[in-house]
Each structure stands twice: as C-alpha cells, then as structure tokens.
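# Analysis of the macromolecular model
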Amino acid sequence: MTKAERRELQERQRAAKAAAAATGEKAPAKGKGSRPVSMQGGPSSAQGTPRRLTVSGSVDSPSRGAFATTPQRGARDARESTYTGDGDASAHTRGLRIFSHFGGLPKAPSSVKGDIHPAIVRLGLQFSGFKITGANARCIATLSAFKTVIQDYSTPLNTTLSRHLMTHLNPQINHLVSARPMAVTMGNAIRQLKLEISNSDIDTPEQDAKDFLCHKIDNYIRDRIIIADQVIQDTAVQKIKDGDVILTFARSSVVEKTILRAHEDGKRISVVVVDSRPMLEGKHLLTVLTAASIPCTYLLLPALGSVIASVDTVLLGAHSLHANGAVYSRAGTALVALMAKTHGVPTLVCCETYKFAEGVVLDGFTKNELAPAGDLFRSFPSVIPRESLTLEPLPNLEILNPLYDLTPPAHITAVVTEVGIIPPNSISSIPLTLGRQTI
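Residues numbered from 1 in each chain as written. Predicted model: local features only at pLDDT ≥ 70, side-chain atom pairs only at ≥ 80, totals over all residues. Heavy atoms only, no water.

## Thoughts on the overall build of the protein chain
- Across its full length, the protein chain carries 11 helices and 13 strands.
- The burial tally for the protein chain puts 40% of its 439 residues in the buried class.
- If you take every contact in the protein chain between residues at least 6 apart in sequence, the share linking residues at least 24 apart comes to 76%.
- On the protein chain, roughly 23,300 Å² of surface is accessible, and the fraction owed to carbon and sulfur atoms is 55%. (Helix = DSSP H or I, 4+ residues; strand = E, 2+ residues; numbered from the N terminus. Buried < 20%, exposed > 50% of the residue type's maximum accessible area, 1.4 Å probe, protein only. Contact = heavy atoms within 4.5 Å. Areas by Shrake-Rupley, 256 points an atom, 1.4 Å probe, with all protein chains shown as cover.)

## Some words on the layout of surface pockets
- Roughly 730 Å³ of volume is contained in the largest pocket.
- Around the largest pocket, the lining is made up of 38 residues, and of these Val184, Gly187, Asn188, Ala189 and Arg191 lie nearest the centre.
- Looking at the lining of the largest pocket, the elements with two or more residues in it are helix 6 (184-199), helix 7 (206-237), strand 7 (320-322) and strand 10 (356-357).
- The dominant element in the lining of the largest pocket, judged by the number of residues it contributes, is helix 6, at 9 residues.
- Split by residue class, the lining of the largest pocket holds 18 nonpolar, 10 polar and 10 charged. (1 Å grid on protein atoms, 1.4 Å probe; cavity = no way out; pocket = protein on both sides within 12 Å on 5 of 7 lines; lining within 4 Å. Points joined across faces, edges and corners; volume = space filled by probe spheres on them. Nonpolar A, V, L, I, M, F, W, Y, C, P; charged D, E, K, R; others polar.)

## Some thoughts on the sheet that holds strand 6 (residues 313-316)
- Pairing is mixed in the open sheet, where 7 strands are placed in the order 5-4-3-6-9-12-13. Every interior strand has two partners, whereas the edge strands, strand 5 (296-300) and strand 13 (420-422), have only one. Neighbour-to-neighbour, the strand axes of the sheet open up by a mean angle of 25°, direction not taken into account.
- Here strand 3 (residues 245-249) runs beside strand 4 (residues 270-275); their pairing, made up of 5 bridges, is parallel. Counterpart to threonine 248 in the pairing with strand 4 is valine 273.
- Here helix 7 sits on the sheet in contact with strand 9 (347-350), strand 12 (414-417) and strand 13, set at roughly 135° to strand 12.
- On top of the sheet, helix 9 (residues 282-291) reaches strand 3, strand 4 and strand 5; it is set at about 165° to strand 4, its chief contact. (Pairing = 2+ DSSP bridges. Axes fitted to C-alpha atoms, helices over the stretch in contact; angles between N-to-C directions.)

## Side note on helix 6
- Its 16 residues give helix 6 an end-to-end C-alpha distance of 23 Å, which sits within 8% of 22 Å, the value for a rise of 1.5 Å per residue.
- Of all the positions in helix 6, only Thr185, Met186, Gly187, Asn188, Ala189, Ile190, Leu193, Glu196 and Ile197 are classed as buried. (Expected span 1.5 Å × (residues − 1).)

## Things to note about the pairing of strand 6
- Alternating positions in strand 6 separate into two faces, Thr313 and Leu315 on one and Val314 and Leu316 on the other, with burial throughout.
- With 3 bridges connecting them, strand 3 and strand 6 associate as parallel partners. In the sheet register, leucine 247 faces strand 6, and the bridge partner there is valine 314.
- When strand 6 meets strand 9, the two strands line up parallel, connected through 3 bridges.

## Here's the deal with the pattern of salt bridges
- What the rule picks out here adds up to 12 salt bridges.
- Salt-bridge contacts for glutamate 369 lead to arginine 180; the nearest nitrogen and oxygen are separated by 2.9 Å. Here glutamate 369 is found in the loop between strand 10 and strand 11 (404-407), whereas its partner arginine 180 is found in the loop between helix 5 (161-179) and helix 6, with 189 residues between them in sequence. Of the two residues examined, glutamate 369 and arginine 180, each falls in the buried class.
- As a salt-bridge pair, glutamate 281 and arginine 330 come within 2.7 Å of each other at their nearest N and O atoms. Taken as a pair, glutamate 281 in the loop between strand 4 and helix 9 and arginine 330 in strand 8 (residues 327-330) lie far apart in primary sequence, 49 residues in all.
- What makes arginine 330 buried here is its relative accessible area of 15%.
- A single salt-bridge network, built from bridges that share partners, covers Asp234, Arg261 and Asp265. (Salt bridge = Lys/Arg side-chain N within 4 Å of Asp/Glu carboxyl O.)

## Considering the nonpolar core
- Core analysis: the biggest nonpolar cluster contains 32 residues, and Phe146 and Leu165 have the highest contact counts within it.
- Those elements giving two or more residues to this core turn out to be helix 3 (118-128), helix 4 (135-151), helix 5, helix 6 and helix 7.
- Setting aside anything within four residues of it in sequence, one finds leucine 165 in contact with Ile150, Tyr153, Thr160, Ile197 and Leu213.
- Counting 29 residues, the second largest nonpolar core, distinct from the first, contains Val274, Ile308, Leu321 and Ala340. (Core = buried A, V, L, I, M, F, W, Y, C linked by side-chain atoms within 4.5 Å.)

## Considering the packing of aromatic side chains
- In this structure the tally under the stated criterion is 2 aromatic pairs.
- Look at tyrosine 220 and tyrosine 354: their rings are 6.2 Å apart centre to centre, the planes differ by 85°, and that puts the pair in the edge-to-face class. Of this pair, tyrosine 220 sits in helix 7 while tyrosine 354 sits in the loop between strand 9 and strand 10, and the two are 134 residues apart along the sequence.
- Its relative accessible area of 0% is what places tyrosine 354 among the buried residues.
- Positioned above the aromatic ring of phenylalanine 127 is the side chain of arginine 138, whose terminal nitrogen or guanidinium carbon lies 5.1 Å from the ring centre. (Phe/Tyr/Trp six-rings, centres within 6.5 Å; stacked < 30°, edge-to-face > 60°. Lys NZ or Arg CZ within 6 Å of the ring centre and 35° of its normal.)

## A few points about helix 7
- Along its 32 residues, helix 7 runs 45 Å from first to last C-alpha, staying within 8% of the 46 Å computed at 1.5 Å per residue.
- Remark: the principal bend of helix 7, roughly 35°, maps to alanine 228. (Bend = angle between axes of the 7 residues up to and from the residue.)

## So, the environment of valine 237
- Note on placement: valine 237 falls in helix 7.
- In this structure the C-alpha to C-alpha distance between valine 237 and isoleucine 259, which are 22 residues apart in sequence, comes to 7.7 Å.
- Apart from the residues within four sequence positions on either side, valine 237 is in contact with Thr258, Arg261, Ala262, Asp265 and Lys267.

## What to know about the packing of helix 7 against helix 8 (residues 253-264)
- Contact geometry of helix 7 with helix 8 gives a least axis separation of 9 Å together with a crossing angle of 55°. Comparing the axis directions of helix 7 and helix 8 gives the class oblique. Between helix 7 and helix 8 lies a crossing of right-handed hand. Touching Asp229, Ile232, Gln233, Asp234, Ala236 and Val237 of helix 7 are Val254, Lys257, Thr258, Arg261 and Ala262, all from helix 8.
- Considering only residue class, the contact of helix 7 with helix 8 consists of 5 nonpolar, 2 polar and 4 charged. (Parallel < 35°, antiparallel > 145°, perpendicular 65-115°, else oblique. Left-handed = near helix turned anticlockwise from the far one by under 90°.)

Written out as structure tokens, the structure is:
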C-alpha cells in the first residue's frame, strides 16, 4: 500500500468515526492496513473493484459516481450536525479557546477540603460572588479573616506555633484562591504575614504570640493602606487646581478620597466619571460624589472621545504596579490613558507601594480574569420583549468580559505613591526607596 493509499484510508476511517459520533452509532473498527468491509458483513468482492463504506454508513460502489459521499464532505456534514443537532447545545459550546487560560468565571468552591475556618468559607463566597471587589478591600478582608483564624488556632502537642501555623494557613489560602485568583495585594500581605510568623520566638506563650501577630496585621493595614492613602491624597491634591475638570474611570477608593479631599479644601472642581460594562463600578463613585455636592458628568467608555479635550487632569487607580512601569487595572483604563496621552492631558495613577509586583507584564492577555456578564440589555428599549433579548447558551455565542488590562508606562505621566511622585520609568526603585530589597 502506497503512502497516498494509506492517507486516503485514514481519511475514510476518520470521516466514518465523525459520522458515527454525530448519529450516535458505533464507528466500525478497522485495523491498520485492513480492507474495507461491506454492510453485508462479507469481504469485498474479489472479481472487480472493492466496494467502499461511505460516511453515511451505506455501501458505495464505483457505479454510484457523483452521488458518492466523499470523506471531506462527510466530515463537514458531521461538524455541521454537531451544531444543528437536537442534542444538548451546552455540550457543543464552541468557546473561545484562545482565552481558556483566563480560567472562566469565579465559582464558589463546591466542597470545603481540609480544616477551613468558617470566616474563610464566608470570605470565599463573597469573593466568588464579587461582593467584595477592589484590591484594597480584598486585602483588608483577607487580613481581617486571618486574624480570626489565628485567634481561634491552637498549637498541637509537640509542635511550635511558628512552624505549624503556616501549615494551618495554607489550606485557608488555597480555599480563597479556588474562589477567585489571588490579587497582588493579597499575595504581598500574606508573604509579609508568613515572614512575621517565621520570625516569632518559639519561647513566647501561645496567646501572646497570637496577639503579637494580630497586632502586626493591624499595623500592616494601618501603615501600608490607610496612612498610605492619606499621604497619597495630600500629594495628589496639590496637583489639582481650582476650577479643574477631573476625569476618572470606574471606581478607585484612593481616587475617590482624593477628589473628596480636594472638594473639602475648597477647590471648585467638576468630575467626569467614565464607566464601562459589565460591572459599572463608576455608578457607586458617582453616588458618593454627588452626595458631596460635587458637579459630575457620567458617561460610558465609547463616549470618551467627546469629552477628553475639555479635561484638565486624569486620575486613575491601579490593581497592581509592575517593575517596568506598567499599570494593571480595570479593563478600559488603558484606553482612557491612551486618549489622554493623545490629547496632551496629564495622567496620574494613584497607587500604594504595597501593590508593587516585581514581575514584568507586557500585556493583559497572558494573565487575566473574567468579569460576570451582568445585565447586557438593561438599556435596551422597553418596546422590545426582554424574553427575546435573554442570552441563552448557544453554540455560536461566547460572552467575554476581561476584568483587567495593562496600561503601558508611555501613557502615564506619573505615579503618586506614599513615598512621592515617581515617573513610570523609575518604578523599579520602589523597594530601595522603602529601605528593603523586596516589598
């Protein structure tokens, strides 16, 4: 058998299996180099040319001519039947395989494995349901839950707290990661907590050691988040002048505090809140600012081009800050920074130093998360029945909502931190500024 004949035989076998899978029948078994078998169960005729088994399962002979089903056509029919068949459509969802590494939407852990504290279980449910969002809020919630875990912890016999407590915390951390990927802020805080545990004196009484660790957690929250935000506010407010139009995207807690601080200082400012689906976090910021009697304008991201020319300063938040000066933040931030750069509007990123990550990130595709779909048709005309707008799991439909994007350092004017205003090309000096080699 020549190479061309073997290839043709393999194509026929592959097409037959595809057709059998589409019709629910068992594919005929064929060994390597075996001859085709007719539907009557006997061998092919020895007098003339052998009959072939077509993709549809019928016997084909040379006399059928153009009416014979080719393997390529059969494979195409099998693929089409996969999408148009009467089976469960969800089983044949095509999906965007190029984004499969995003991991899908966060899900509540189906089962609790190991000795998981109830506070961690509750926090995992809040993370997976996006009840707690934002890098600072997630970090504070995680550290507060760990304080409860530490206070309820009892050191087993023949062990020490400094060694066994980290073993006890690992399942708690894994449970939170299974609910939603860990933020950079959470990773830095947990790393610092483990360092404090390993440095604790083994001769210290257990309750004193636990109180000491809880005190360290409170100090971390106070120094690295609360006081850091206050220093950032004092620095960023100096860059806001009386009568400025401030533009911000989505919602950042430190940007919100900065705008409120500028208003309390008597500066007459107005704010443009740019928002995007599906989370629409800017609505919460809009509620807070309007309650403080600050003039605001609310618009969605596609309308950014119509207002960017009238803006004086852009204030943005950050999920994490990387060594190459890139800012990892809510999806849409990169577009806002690009538009501001194009129109010559200065862009300031307000970010605490504990959000610094030593790794270099070049795009928002390598690592990302998926946001919940939300109600995509909330703003559709009411004359259209909502039943006709409901998204059903269809094989040719995939809803993609990346949660973050990456803003290159070239689009950022400066980063406002608690250690000062740093240009993007000097972000890697943050650890040395803090007097340590790592965060």
